[in-house]
Amino acid sequence: MRCIDALIMKSQDNVATVIRDIEVGDTVLATLGNETFTIQAKEKIPFGFKIALRSIQKGELIIKYGEVIGKANIIINAGTLVHVHNLDGIRGRGDVEKRRIIS
């Protein structure tokens, strides 16, 4: 039996956390309870980082561990790295709050 490559914590998650370094073209095996999912890696993803489980549209919420962790600032394709280059945090954003007050 093959080892698991990524963890999905809740059914609503659209990202998984990889538990090994992932190379381009790797087939990533992720689990949620007794269910197993496979995702084709489109780019390198370092250990501990997030992989998109499906295509995520610009403006769509990013959900990890059943919680919203940010919003996609571009289209994020399935199998790609999800990190600060394509995700905007939406909690504790004082810079956004200041813009709303000034506007």
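Residues numbered from 1 in each chain as written. Predicted model: local features only at pLDDT ≥ 70, side-chain atom pairs only at ≥ 80, totals over all residues. Heavy atoms only, no water.

A. Layout of the overall build of the chain. When you go through the chain residue by residue, the secondary structure sums to one helix and nine strands. Along the chain, helices (α) and strands (β) appear in the sequence β-β-β-β-β-β-β-β-β-α when read from the amino end. For the chain, the residues scored as buried account for 33% of the 103 residues in total. Sequence-distant contacts in the chain: of pairs separated by 6 or more residues, those separated by 24 or more amount to 45%. Just so you have it, the chain exposes about 6,400 Å², and 56% of that area is on carbon and sulfur atoms. (Helix = DSSP H or I, 4+ residues; strand = E, 2+ residues; numbered from the N terminus. Buried < 20%, exposed > 50% of the residue type's maximum accessible area, 1.4 Å probe, protein only. Contact = heavy atoms within 4.5 Å. Areas by Shrake-Rupley, 256 points an atom, 1.4 Å probe, with all protein chains shown as cover.)

B. Region of the structure containing the nonpolar core. With 13 residues, the main nonpolar core has A6, V18, I22, V28, I45 and I51 as its most contacted residues. Those elements that provide at least two residues to this core are β2 (15-18) and β3 (27-32). No other element matches β3, which puts three residues into this core. With residues near it in sequence (within four places) discarded, V28 still touches R2, D5, A6, I22, F37, T38, I39, A41 and I51. V15, I56, A72 and V82 belong to the second-largest nonpolar core, a separate cluster that totals eight residues. (Core = buried A, V, L, I, M, F, W, Y, C linked by side-chain atoms within 4.5 Å.)

C. Up close: the environment of G66. Tracing the backbone through its elements, the reader meets G66 in the loop between β6 (61-64) and β7 (67-72). Of the residues examined, G66 reaches a relative accessible area of 23% and is grouped as partly exposed. Sequence separation between G66 and I8 is 58 residues, and the spatial gap between their C-alpha atoms is 9.3 Å. For G66, the contacting residues outside a window of four places in its chain are K10, Q12 and D13.

D. Summary view of the confidence of the model for the chain. When pLDDT is averaged along the chain, the result is 90; 86% of the residues meet or exceed 70. Mean pLDDT across the elements of the chain bottoms out in helix α1 (residues 94-102) (54) and peaks in strand β5 (residues 50-52) (98). (pLDDT = per-residue confidence, 0-100.)

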